[in-house]
Amino acid sequence: MMQQKFAVTAGRNSGLQWQARVWAQGFGVPYLRRGRSGSLEELCQKHNVSALLVATKLGPQVFTEEGRFFFHPSMADLRLKHVAAGESDHLIEALALKPGMKVLDCTLGLASDAIVASYAVGAAGKVVGVEASPLLAFVVARGLACYETGRQDVDAAMRRIKAVHARADDYLMNVSPDSFDAVYFDPMFRFGVKTSANMKPLRPLAYEKEVNAEIIELALKAAPRVVIKERSESFLRSLGCTEIQGGRYSRVKYGIIRR
Ligand SMILES: C[S@@+](CC[C@H](N)C(=O)[O-])C[C@H]1O[C@@H](n2cnc3c(N)ncnc32)[C@H](O)[C@@H]1O
């Protein structure tokens, strides 16, 4: 992720200009008034910013050249329907999640994995999700706090997640040893893989740095089990993963390192 130059604005007829001003002040970035006409793209060009945080009646959205990014737990919701029906989930298996466990998700993103993890560890457990992109962290933290899926157990799982805006290495350097049972990484953009439709708008906002030996070492101090989601098994082995899980027909693999 480049250092993103962004500003804040409001949906034209949203009546949320006050909200956008408050957010702009919080971030220390400009608030941009919408004229009577003109697209968000034009507003970006005029003010030389690559992203806009937009206050809308549906909550905060981020506009970039790749489209609009907003919080939607649909992927997690679908996965949890399968879990509730007794099916297995790769993430739950790779992290060996049980009620009461504490999980650190170092790459929160859209929080789909974090929601599934939070559901699996239940009210007695804990999920902390760390996200390096300030705009993503902002939108997702609000979504987790406010979005209503219509399913009480899924909403409760979302509300329990603690979303933190930080780089994972900085966060890991400051946690006490053994604060968690498992640490999870899903950076996923290493080879510029063709991203799925719901990930596309996330891409220009995302922080991109490979998982490396240093961060794994920090993660192994924080928890006895570290799981990395990746496509390349050889890369996972090079990081020290001794066990690789994943669907037979899926390109996605989960590499596991145990302390
Ligand atoms: C592929 S997405 C993760 C998707 C997530 N697992 C989900 O289920 O929605 C990767 C996210 O991790 C963030 N990220 C990558 N490396 C990071 C790091 N070292 N610290 C914090 N966030 C990081 C990116 O900004 C991006 O939002």
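Whatever comes next refers back to the structure up there.
Read on for a plain summary of the structure.

Thresholds, definitions, all that
Residues numbered from 1 in each chain as written. Predicted model: local features only at pLDDT ≥ 70, side-chain atom pairs only at ≥ 80, totals over all residues. Heavy atoms only, no water. Near = heavy atom within 4 Å. Polar contact = N/O pair within 3.5 Å; in protein donor to acceptor, adjacent residues only side chain to side chain. Areas by Shrake-Rupley, 256 points an atom, 1.4 Å probe, with all protein chains shown as cover. Helix = DSSP H or I, 4+ residues; strand = E, 2+ residues; numbered from the N terminus. Nonpolar A, V, L, I, M, F, W, Y, C, P; charged D, E, K, R; others polar. Phe/Tyr/Trp six-rings, centres within 6.5 Å; stacked < 30°, edge-to-face > 60°. Buried < 20%, exposed > 50% of the residue type's maximum accessible area, 1.4 Å probe, protein only.

1. A closer look at the site of the ligand
As a structural note, the neighbourhood of the ligand is formed by 23 residues, with D113, E131, A168, D186 and Y207 the closest of them. At 3.4 Å from a nitrogen atom of the ligand is found a main-chain nitrogen or oxygen belonging to C106. Starting from 600 Å² of accessible surface for the ligand in isolation, the protein chains cover 97%. Secondary-structure elements contributing two or more residues to the shell around the ligand are helix 5 (112–121) and strand 6 (126–131). By residue class, the composition of the shell around the ligand is 16 nonpolar, 3 polar and 4 charged.

2. A closer look at the packing of aromatic side chains
Across all of its chains, the model carries 4 aromatic pairs by this definition. Ring centres 5.1 Å apart and planes at 80° place the aromatic pair W23 and F138 in the edge-to-face group. With W23 in helix 1 (residues 17–27) and F138 in helix 6 (residues 134–146), this residue pair connects regions lying 115 residues apart in the sequence. The class for W23 is buried, based on a relative accessible area of 6%. Residue class for F138 comes out buried when judged on its relative accessible area of 17%. On the basis of an interplanar angle of 65° and a centroid distance of 5.2 Å, the ring pair of F27 and F138 is categorised as edge-to-face. Linking F27 in helix 1 with F138 in helix 6, this pair joins segments that are 111 residues apart in sequence. Look at F27 and you get partly exposed, because its relative accessible area is 27%.

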